[in-house]
Amino acid sequence: MSQLIKLYPENPREDLLDCIVEVLKNGGLIIYPTDTVYGLGCDITNKKAMERLARIKNVRLDKAQFSFICNDLSHLSSYVKPIPNTIFKLLKRSTPGPFTFCITGSLSFAACF
C-alpha cells in the first residue's frame, strides 16, 4: 500500500515521522525530495528492502552501486573501508554543508558541490 505523506521541515509532525520510520523498519521504500531530483530510499540494513530497490532500478543487488545518507561522519566506518586521515579531515571541515561526497571501494574520492 502506498501513502502520500507531506512533511514540512519548518514544523515536522512527530506522528508522520514515526510513520515514515515504521515504513523503513518494515522494509518499505520511500521517495523523498533532494535539491535536484527525488530520491528512492530504504533501510540499507534490510536486505529485502535493498532487493526491492535493486529490482525497481533493474540491477542485481550484488552489482548495485547505491548512494546512502549518513546522519554524521561517525556512521561512515560501518559502511566503507577505512578513510585516509586527510580525506576524513576534509569531510569534517566541509560538513554540514550542501555537498555530496562519493567514496568508492578503491578509496578514490570525489566531492560534488
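Below you will find a few notes about this structure. For every chain, the first residue of the written sequence is number 1, and numbering continues from 1 onward in sequence order. Only residues with pLDDT of at least 70 are given local features in this predicted model, and only at 80 or more are side-chain atom pairs given and counted; all residues enter the totals for whole chains, interfaces and linings. Side-chain metrics rest on all non-hydrogen atoms present in the structure, leaving aside hydrogens and water.

### Comments concerning the overall build of the protein
For the purposes of this entry, the term helix denotes a DSSP run of H or I that reaches at least four residues, the term strand denotes a run of E that reaches at least two, and both are numbered from the N terminus. In terms of regular secondary structure, the protein is built from three helices and four strands. In sequence order, the protein lays out its α and β elements as α-β-β-α-α-β-β. If one aligns the C-alpha atoms of the protein with their principal axes, the spans along those axes are about 45 × 35 × 25 Å. Between buried and exposed lies partly exposed: a residue is buried under 20% and exposed over 50% of the maximum accessible area for its type, with that area taken using a 1.4 Å probe on protein chains only. For the protein, the residues scored as buried account for 15% of the 113 residues in total.

### Side note on the pairing of strand 2 (residues 38–41)
Of the two faces of strand 2, the one holding Gly 39 and Gly 41 is buried and the one holding Tyr 38 and Leu 40 is not buried anywhere. Between strand 1 (residues 30–33) and strand 2, which pair antiparallel one after the other, the connecting turn spans four residues. In this description, strands pair whenever DSSP reports at least two bridges between them.

### Quick notes on the side chain of Ser 94
By secondary structure assignment, the location of Ser 94 is in helix 3 (residues 85–94). Counting of polar contacts relies on pairs of N or O atoms within 3.5 Å, with two restrictions inside protein: one atom must be capable of donating a hydrogen and the other of accepting it, and residues adjacent in sequence are counted only when both atoms are side-chain atoms. Only 2.8 Å separates the side chain of Ser 94 from the backbone oxygen of Leu 90, close enough to count as a polar contact. Setting aside anything within four residues of it in sequence, one finds Ser 94 in contact with Phe 99 and Phe 101. Contacts: residue pairs with any heavy atoms within 4.5 Å of one another.

### Some details on the pattern of salt bridges
The salt bridge criterion pairs a side-chain nitrogen of Lys or Arg with a carboxyl oxygen of Asp or Glu, the two atoms within 4 Å. The tally for this structure, following the rule as stated, stands at three salt bridges. A salt bridge links Lys 47 to Glu 51; the shortest N-O distance between them is 3.8 Å. With Lys 47 and Glu 51 both in helix 2 (residues 47–56) and four residues apart, this pair spans about one turn of that helix. A relative accessible area of 57% means that Lys 47 is categorised as exposed. Exposure remark for Glu 51: the relative accessible area of 33% places this residue in the partly exposed category.

### Observations regarding the layout of surface pockets
Counted as a void, the second largest pocket has a volume near 820 Å³. In this structure, the second largest pocket is lined by 19 residues; those nearest its centre are Gln 3, Ile 5, Leu 29, Ile 30 and Ile 31. Where the lining of the second largest pocket is concerned, the elements lending two or more residues are helix 1 (14–25), strand 1 and strand 2. A total of four residues in the lining of the second largest pocket trace back to one element, the largest contributor, which is strand 1. Partitioning the lining of the second largest pocket into residue classes produces 14 nonpolar, three polar and two charged. For cavity detection a 1 Å grid was placed over the protein atoms alone, and a set of points counts as a cavity when a 1.4 Å probe fits there but cannot get out; an open set counts as a pocket when protein lies on both sides within 12 Å along at least five of seven lines, with lining residues being those that have an atom within 4 Å of a point. Grid points are joined across faces, edges and corners, and a volume is the space filled by probe spheres set on the points. Amino acids outside the nonpolar list (Ala, Val, Leu, Ile, Met, Phe, Trp, Tyr, Cys, Pro) and the charged list (Asp, Glu, Lys, Arg) are all regarded as polar, and Gly is one of them.

### Brief notes about the nonpolar core
A general trend in soluble globular proteins is that nonpolar side chains are found buried together. Formed by Leu 29, Cys 42, Ala 49, Met 50 and Leu 53, the largest nonpolar core amounts to five residues. Filtering out sequence-adjacent residues up to four positions away, Ala 49 remains in contact with Gly 27, Leu 29, Cys 42 and Asp 43. Residues enter a nonpolar core if they are buried and are Ala, Val, Leu, Ile, Met, Phe, Trp, Tyr or Cys, with the set joined through side-chain atoms within 4.5 Å.

### Observations regarding the side chain of Asn 46
Mapped onto the elements, Asn 46 comes out in the loop between strand 2 and helix 2. The exposure class assigned to Asn 46 is buried, which follows from its relative accessible area of 18%. Separated by 3.1 Å, the side chain of Asn 46 and the backbone nitrogen of Lys 48 make a polar contact. In terms of polar contacts, Asn 46 uses its side chain to reach the backbone amide nitrogen of Ala 49, at 3.0 Å. In contact with Asn 46, not counting residues within four places along its chain, are Lys 25, Asn 26 and Gly 27.

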